[in-house]
Amino acid sequence: MGFSLTQKKPGVVMVGVDGQLIVGNRQELKQKVLDALDGGTNKFVIDFSRTGYIDSSGLGVLVSLSKKIREQGGDLRLAGLNDDLQTLFELTKLDTLFSIAKTPEEALAAFSP
Amino acid sequence: MTTPLRLHVRPRGAGGEVEFELLLDVPSDLKYVGPAVDLIAARCRHGALSPRRVEFNLRTALAEALANAIAYGNHQDPSRVVRVRVEASRAWLRIHVTDDGAGFDPAVVPDPTLPGRLEREDGRGLFVLRSLVDHVTFNEKGNSVCLTLRAG
């Protein structure tokens, strides 16, 4: 359970969400990403390949992080959503707000160079 | 984390539709949402719902209901608890989540998918909850929600 941040290529950090992203742990994710943003990273991939469920607080934190990152000229992409999580993003229309890739590798590749 | 959460299982049976009930009091602290959901989901894994619906629909909907009750109903007051009662039958699972608050009118909660609201951080809880279960009802006061998930 928890969040892991790994630099995958210069300026791009991959964030793994292991278990769940909900009201009880969203603040931890927010702080970790904001710390990395303060440290100069402004491109992020959030990898949900190992995520069971996300509640509305978790969705909310992604919305606010995405906004902050874009304000700093960066981008936040999502990847690895299973069918249920993909449906959750579609129901809430958040699929229109985020770039969503099938795999973390595809999301990484979308950041050039 | 040491947890004050104690799940009570009450067999019913004896000809009735409900086979067993689960009872859980959750302190009004958001850190208990995840552990409370884990406890309930573990007991519902071999019942009316498919494992996938337990792991996603039940978990997410219960997390929403608990977070609403703790944050908006009980205002995260540690002296108050949120009461969860689950009724399990072969045909459905019914989850009641009740707080000590004054209640609210679910009809006035705005649609979070409207263009002007899409980029807001909050306000999606009730929408997500309604999307993931088969039926949602509130008591008249608005401090108790009942979620029904049909078998399958």
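Values in this document were obtained by computation on a predicted structure and should not be read as measured data.

Definitions and limits used
- Residues numbered from 1 in each chain as written.
- Chains lettered and ligands numbered in written order.
- Predicted model: local features only at pLDDT ≥ 70, side-chain atom pairs only at ≥ 80, totals over all residues.
- Helix = DSSP H or I, 4+ residues; strand = E, 2+ residues; numbered from the N terminus.
- Rg over C-alpha atoms; globule rule 2.2 N^0.38 Å.
- Buried ≥ 20, exposed ≤ 12 C-beta atoms within 10 Å, placed from the backbone.
- Contact = placed C-beta atoms within 7 Å.
- Nonpolar A, V, L, I, M, F, W, Y, C, P; charged D, E, K, R; others polar.
- Pairing = 2+ DSSP bridges.
- Axes fitted to C-alpha atoms, helices over the stretch in contact; angles between N-to-C directions.
- Core = buried A, V, L, I, M, F, W, Y, C linked by C-beta atoms within 7 Å.

1. Comments concerning the overall build of chain A
Phase 1: Tallying secondary structure elements over chain A gives four helices and six strands in all.
Phase 2: Ordered by position from the N terminus, the helices and strands of chain A form the series β-β-α-β-β-α-β-α-β-α.
Phase 3: For 113 residues, the compact-globule estimate of 2.2 N^0.38 gives 13 Å, and the C-alpha radius of gyration of chain A, at 13 Å, lies within 12% of that figure.
Phase 4: Along the three orthogonal principal directions, the C-alpha set of chain A runs to about 30 × 25 × 25 Å.
Phase 5: Among the 113 residues that make up chain A, the fraction classed as buried is 42%.
Phase 6: The long-range fraction of contacts in chain A, counting pairs at least 24 apart against all pairs at least 6 apart in sequence, stands at 75%.

2. Notes on the interface of chain A and chain B
Phase 1: In this complex, chain A contributes 19 residues to the contact, which on the side of chain B involves 22 residues.
Phase 2: Of all the secondary structure elements, the ones that give two or more residues to the side of chain A that touches chain B are β4 (51–54), α2 (56–71) and α3 (83–91) of chain A.
Phase 3: Considering each element in turn, the side of chain A that touches chain B owes the most residues, seven residues, to α2(A).
Phase 4: In terms of residue class, the side of chain A that touches chain B is made up of seven nonpolar, eight polar and four charged.

3. Notes on unusual backbone geometry
Residue and element names in this part refer to chain B.
Phase 1: Although it is not a glycine, His75 adopts a positive phi angle of roughly 50 degrees.
Phase 2: If you check the backbone angles, Gln76 has positive phi at about 55 degrees while not being a glycine.
Phase 3: Mapped onto the fold, Gln76 is located in the loop between α2 (51–73) and β3 (81–89).

4. Some thoughts on the pairing of strand β2 (residues 18–27) of chain B
All names here are of chain B.
Phase 1: By the bridge criterion, four bridges tie strand β1 (residues 8–11) to β2 in an arrangement that is antiparallel. Bridge pairing in β2 places Arg10 opposite Glu21.
Phase 2: What sits between the antiparallel neighbours β1 and β2 is a turn of six residues, in which Gly13 has the positive phi angle 55 degrees.
Phase 3: Relative to β3, β2 is paired through nine bridges, and the arrangement is antiparallel. Paired with Pro27 across the bridge in β3 is Val81.

5. Re the sheet that holds strand β6 (residues 144–150) of chain B
Residues and elements named next belong to chain B.
Phase 1: An order of β1-β2-β3-β4-β6-β5 is seen for the six strands of this open sheet, with the pairing classed as antiparallel. The outermost strands of the open sheet, each flanked by one partner alone, are β1 and β5 (135–138). When strand polarity is set aside, the average angle formed by the axes of neighbouring strands in this sheet is 15 degrees.
Phase 2: Sheet topology places β3 next to strand β4 (residues 92–98); six bridges connect them, and they run antiparallel. Looking at β4, one finds that Ala88 is bridged to Leu93.
Phase 3: Helix-sheet contacts for α2 involve β2, β3, β4 and β6, and the interaxial angle to β6 is about 175 degrees.

6. Notes on the nonpolar core
Phase 1: B:Val33, B:Ala36, B:Ile40, B:Leu62, B:Ala65, B:Leu66 and B:Val84 are the most contacted members of the largest nonpolar core, which totals 68 residues.
Phase 2: Among residues more than four places away in sequence, those in contact with B:Leu66 are B:Val26, B:Val33, B:Ala36, B:Val82 and B:Val97.

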